[in-house]
Amino acid sequence: MAANITTDQDPDRSGTVWTLDQKLDQPMDEEARKLKNMYTEKKLSTVMLLQLAFQSLGVVYGDLGTSPLYVFYNTFPDGIKDPEDLIGALSLIIYSLTLIPLLKYVLIVCRANDNGQGGTFAIYSLLCRHAKLRTIPNQDRSDLELTTYSRSTFSEHSFAARTKRWLEGYAFMKNTMLILVLVGSCMVIGDGILTPAISVLSAIGGINVGHPMISNDIVVLVAVIVLAILFSIQHHGIDKVGWLFAPIVLLWFLLIGGIGIYNIWKYDSNVLKAFSPVYIYRYFKRGKRDSWTSLGGIMLSITGTEALFADLSHYPVTSIQIAFTVVVFPCLLLAYSGQAAYLMNNSDHIVGAFYHSIPGTAVVIVMLVTTFLMILVMILVWRCHWILVLIFTVLSLAVECTYFSAVVLKVNQGGWVPLVISAVFFAIMYIWHYGTLRRYEIEMHSKISMAWILGLGPSLGLVRVPGVGLVYTDLAHGVPRIFSHFITNLPAIHSVVVFVCVKYLPVYTVPEEERFLIKRIGPNEFHMFRCVARYGYRDVHKKDYDFEKKLFDCLMLFVRLDSLMDGCSDSDVYSEPDQQDEQASDNHFNGNSSISKVDSSVSSIESIIEVGSSQRANDISYSNQANIQIEIDELQFLNNCKDAGVVHILGNTIIKARRESNFCKKLAIDYIYAFLKKICRESSSMLNVPHESLLNVGQVFYV
């Protein structure tokens, strides 16, 4: 691994101490059996695929479906001076819809989903599995064996390998990637906060034009009620929302498409000339500044594409492609064309802008971030030829940079609002990450050695009282300094000590059967273990009510396996190569093994014992009996300690800025990060730790 990831090794340690630590506290690699770690889209029947395509209509297409109502109003806020301008704007809308939502997002970006999850962080997680981009160095080889840890391999001399080494070789590149992802995510938040409010303002403006007698208060009240209903329904899951709104959204698109056909037939079919790109050239040839700034309004026709990717990749990519290309895309083209045909003969209906161009600055920045991330996905994950990557990059940046240059001119007209909101959220996210990174680095460099632990003896220099102590730490390797702080200030320690590390991986979820990694620390008589509980970014929202029970189940199973492996040596057992690998892994355990597997392992090992003589058979029998007795005694000991009581010891490392630190650092660490940590949900809450058995042990470090 890269140097900044192997921070388990303390450079100040002597060779003897480090060797001792390596022997008694090795990294947690999973057991021999490894699953094929590639996510593959399930093969679905045609009927099921059409059902999912229909369901996907109801999730997020509303933003695209309502844009025909106000795009032209924002494009020509001062009215239409020349009908040919309207055709040029329509041509820009048609080709923008084709290049960005259809080609870029539906056909390309949606395929970059992380096991069915979409969005900026999902792409970042996908990249982190193919290159060591994470700035917090808690990666481990055992993470690679997760079922959901899908990743590609490539030749060391390939373009992808060179790109990977370039990204991993510089800390600046890792920080740049993190900042890029945070900027994109914060821009989505800035846009999402403003969109509902602006939608209400647009509704008020539209109603005032059509029905001046209706009060604005009534419109606001109805809008708030509708939004409250939508958010309450969405809370129950994306699938329920899809089935509920799919018929409504389907009827809406068919309606606007049908109205578009009617308007083209009734008013002016000449607008179909906009399908020729020559009118885009004529639109800009006029050289008017208005032609360029009007792109901010035209861009609204594609503002829903980011939400489309983030929310719809939960469904199979094929179903999204069917829903968009068969229903959404043609209906949008007809709706825009029909509205243009209507406005050709009713240009006096153009009134003031409906404020929808305000979030455009945030939307374009998100699109640019997605483009940069997709370039890396095409290189590292898909291993595309550099020519294909270049074509995608040129086409995407040509369109998006053009729109970006247009919306920049609208920053002083209200476009600064989403930027300010995004900047606030970016500061919060980055300060939280900075504080978490510094705290982790301090714990890594201040962890205590195994030589110190062994010097205390099996009693750890204290009275070992009945019970189990679960010591929570951020470290997946080594003994945290918080433990030495605990035992030097208290006269007793529990008979069984388990260091629990809650670890978050760049995967969307960790299957329950692969949640825990268990291993022993030090000799058996120390009764010290380590448990790494692994979670994905979708798992953190769920409370694990059975965490303690599942941990002890895995611990008991580990003791059985550990005793079994101790009783089998190469001289006693002849096995296949993969079985030998299992026997070599005698100091760790992955929770994906079940009791039935253990029983079958015992029977298989017993059946392949080579008996050379009766004396040898007797020796093996006595050895097995001794190991079985040791196993029974330890299991009984663990059960007795568990019955005596379980105490959850939560390490609370507090960091503060040094006195000589500058004002910005003191503000970030002492106030903002401290406040965020105070209001943040702790691991004890997520793991459903009872308050009566929770003990907080804190230390203060200065950075």
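Residues numbered from 1 in each chain as written. Predicted model: local features only at pLDDT ≥ 70, side-chain atom pairs only at ≥ 80, totals over all residues. Heavy atoms only, no water.

**Q** Describe the overall build of the chain, naming the residues involved and giving the relevant values.
**A** Counting its secondary structure elements, the chain contains 26 helices and seven strands. When each of the 703 residues of the chain is scored for burial, the buried share is 50%. Sequence separation of 24 or more characterises 86% of the internal contacts of the chain that already satisfy a separation of 6 or more. Accessible surface computed for the chain: about 32800 Å², of which carbon and sulfur atoms make up 62%. (Helix = DSSP H or I, 4+ residues; strand = E, 2+ residues; numbered from the N terminus. Buried < 20%, exposed > 50% of the residue type's maximum accessible area, 1.4 Å probe, protein only. Contact = heavy atoms within 4.5 Å. Areas by Shrake-Rupley, 256 points an atom, 1.4 Å probe, with all protein chains shown as cover.)

**Q** Pulling in residues and values, what's your account of the confidence of the model for the chain?
**A** On average, the chain scores 78 in pLDDT, and the residues at 70 or more come to 79%. Confidence, read as mean pLDDT per element, is least for helix 22 (residues 577–584) in the chain (35) and greatest for helix 16 (residues 360–381) (92). Note on residues 1–23: pLDDT under 50 across the span, and 33 contacts to partners over four residues away in sequence or across chains. Under a pLDDT of 50 for its full length, residues 569–588 has, in the predicted model, 36 contacts with residues more than four places off or in other chains. (pLDDT = per-residue confidence, 0-100.)

**Q** Explain the environment of Ser301 residue by residue, including any values.
**A** Following the sequence through the fold, Ser301 ends up in the loop between helix 13 (295–298) and helix 14 (305–312). In this structure Ser301 touches Leu64, Ser67, Val71, Ile93, Leu97 and Tyr336, once residues within four positions along its chain are discounted. Among the polar contacts listed, one links the side chain of Ser301 to the backbone oxygen of Ile298, at a separation of 2.8 Å. (Polar contact = N/O pair within 3.5 Å; in protein donor to acceptor, adjacent residues only side chain to side chain.)

**Q** Can you tell me about a nonpolar patch on the surface, naming the residues and giving the values?
**A** On the surface, Phe159, Trp386, Ile387, Leu388, Leu390, Ile391, Val394 and Leu395 cluster together to form a nonpolar patch covering roughly 780 Å² of accessible area. Sort the elements by how many residues they give to the nonpolar patch and helix 17 (residues 386–408) lands first, with seven residues. Its location among the elements puts Leu390 in helix 17. (Patch = residues over 30% accessible without salt bridge, like charges linked within 9 Å, V, L, I, M, F, W, Y side chains within 5 Å. Salt bridge = Lys/Arg side-chain N within 4 Å of Asp/Glu carboxyl O.)

**Q** Now, about the pattern of salt bridges: what can you tell me, with residues and values included?
**A** Pairing of side chains with opposite charge becomes possible as their charged atoms draw close. The final tally for this structure, using the stated rule, is 13 salt bridges. Across the salt bridge formed by Arg165 and Glu156, the nearest N and O atoms sit 3.4 Å from each other. According to the relative accessible area criterion, Arg165 is partly exposed, its value standing at 42%. Overall, Glu156 belongs to the exposed group, its relative accessible area being 54%. Between Asp539 and Arg515 there is a salt bridge, with the nearest N and O atoms lying 3.3 Å from each other. You can see Asp539 sitting in the loop between strand 4 (528–535) and helix 21 (547–566) and its partner Arg515 sitting in the loop between strand 2 (492–504) and strand 3 (516–521), a full 24 residues away along the chain. Of the two residues, Asp539 and Arg515, both sit in the buried class. Via salt bridges that share partners, Glu512, Arg515, Asp539 and Lys550 belong to a single interconnected network.

**Q** Give me the lowdown on unusual backbone geometry, citing residues and values where you can.
**A** At Arg383, a position not held by glycine, the phi torsion is positive, near 55°. Within the secondary structure layout, Arg383 lies in the loop between helix 16 and helix 17. With phi around 55°, His527 is a residue other than glycine that occupies positive phi space. Residue placement: His527 occurs in the loop between strand 3 and strand 4.

**Q** Lay out the packing of aromatic side chains in plain terms, naming residues and giving numbers.
**A** One pair of aromatic rings is described through two measures. These are the centre distance and the angle between the planes. All chains considered together, the criterion is met by 10 aromatic pairs. Consider the rings of Trp432 and Tyr673, whose centres lie 5.3 Å apart with planes at 35°: the pair is tilted. In this pair, Trp432 is assigned in helix 18 (residues 416–446) and Tyr673 in helix 25 (residues 663–679), connecting sequence segments 241 residues apart. A relative accessible area of 30% means that Trp432 is categorised as partly exposed. Taking NZ or CZ as reference, Arg129 lies 5.8 Å from the ring centre of Tyr149, over its face. Over the ring of Tyr279 we find Arg282; its NZ or CZ atom is 4.9 Å from the centre of that ring. (Phe/Tyr/Trp six-rings, centres within 6.5 Å; stacked < 30°, edge-to-face > 60°. Lys NZ or Arg CZ within 6 Å of the ring centre and 35° of its normal.)

**Q** Before we move on, could you go through the environment of Phe529 and cite the residues and values that matter?
**A** Counting through the fold element by element, Phe529 comes out in strand 4. The exposure class of Phe529 is buried, given its relative accessible area of 0%. Sequence spacing of Phe529 and Val496 is 33 residues, and the spatial spacing of their C-alpha atoms is 8.0 Å. Setting aside anything within four residues of it in sequence, one finds Phe529 in contact with Val496, Val497, Val498, Phe499, Lys519, Arg520, Ile521, Leu555, Phe558, Val559, Glu634 and Leu638.

**Q** Let's hear about the environment of Ile630: which residues, and what values?
**A** By the secondary structure assignment, Ile630 is in helix 24 (residues 614–644). A sequence separation of 70 residues divides Ile630 from Arg560, and the C-alpha atoms of the two residues are 9.7 Å apart.

**Q** Explain the pairing of strand 4 to me, using residue names and the numbers behind them.
**A** Among the eight residues in strand 4, eight count as buried, and that is most of the element. Here strand 4 shows two buried faces, one formed by Met528, Arg530, Val532 and Arg534 and the other by Phe529, Cys531, Ala533 and Tyr535. Inspection of the sheet shows strand 3 paired to strand 4 by six bridges, in the antiparallel sense. Bridging across to strand 4, Phe516 finds its partner in Ala533. Connecting the antiparallel pair strand 3 and strand 4 is a turn made up of six residues, with Gly522 showing a positive phi of about 75°. (Pairing = 2+ DSSP bridges.)

**Q** Now, about the packing of helix 5 (residues 83–106) against helix 11 (residues 278–285): what can you tell me, with residues and values included?
**A** Between helix 5 and helix 11, the least distance of the axes is 8 Å, while the angle of their chain directions is 125°. By the angle class used here, helix 5 and helix 11 are oblique. Like other packed secondary-structure pairs, helix 5 and helix 11 cross with a definite hand, here left-handed. On the side of helix 5, the interface is formed by Glu84, Asp85, Ile87, Gly88, Ala89, Ser91, Leu92 and Tyr95, while helix 11 contributes Tyr279, Ile280, Arg282, Tyr283 and Phe284. Its residues placed into classes, the contact of helix 5 with helix 11 shows eight nonpolar, two polar and three charged. (Axes fitted to C-alpha atoms, helices over the stretch in contact; angles between N-to-C directions. Parallel < 35°, antiparallel > 145°, perpendicular 65-115°, else oblique. Left-handed = near helix turned anticlockwise from the far one by under 90°. Nonpolar A, V, L, I, M, F, W, Y, C, P; charged D, E, K, R; others polar.)

**Q** Outline the nonpolar core, supporting the account with residue identities and numerical values.
**A** By size, the foremost hydrophobic cluster in this structure holds 99 residues, and its most contacted members are Tyr61, Phe72, Leu127, Phe253, Leu308, Phe324 and Tyr403. Ranked by the residues each element gives to this core, the list is headed by helix 16, at 17 residues. Those residues in contact with Tyr403 that sit more than four places away from it in its chain are Leu92, Ser96, Ile100, Leu295, Ile298, Met299, Ile302 and Val364. Leu470, Cys531, Val559 and Leu638 belong to the second largest nonpolar core, which has 29 residues in total. (Core = buried A, V, L, I, M, F, W, Y, C linked by side-chain atoms within 4.5 Å.)

**Q** Lay out the pairing of strand 1 (residues 463–473) with the relevant residues and their values.
**A** Looking down a regular strand, the side chains alternate between one sheet face and the other. Burial analysis of strand 1 places eight of its 11 residues in the buried class, the great majority of the element. Pairing between strand 1 and strand 2: nine bridges, direction parallel. Paired with Val465 across the bridge in strand 2 is His494. Relative to strand 6 (residues 646–656), strand 1 is paired through five bridges, and the arrangement is parallel. Of the residues in strand 6, the one forming a bridge with Val471 is Ile649.

**Q** Residue-level account of the side chain of His130, with values.
**A** Counting through the fold element by element, His130 comes out in helix 6 (residues 120–130). Residue His130 is classed as buried on the basis of its relative accessible area, which comes to 3%. Those residues in contact with His130 that sit more than four places away from it in its chain are Ser150, Arg151, Ser152, Phe154, Lys164, Leu380 and Val381.

**Q** Mind laying out the packing of helix 2 (residues 46–60) against helix 14, listing which residues take part and the relevant values?
**A** In the contact formed by helix 2 and helix 14, the axes pass within 10 Å of each other and the chain directions differ by 125°. Here helix 2 is positioned oblique relative to helix 14, judged by the angle of their axes. The handedness of the crossing between helix 2 and helix 14 comes out as right-handed. Side by side, helix 2 and helix 14 meet where Ser56, Val59 and Val60 of the first sit next to Ala307, Leu308, Asp311 and Leu312 of the second. Grouping the amino acids of the contact of helix 2 with helix 14 by side-chain chemistry returns five nonpolar, one polar and one charged.

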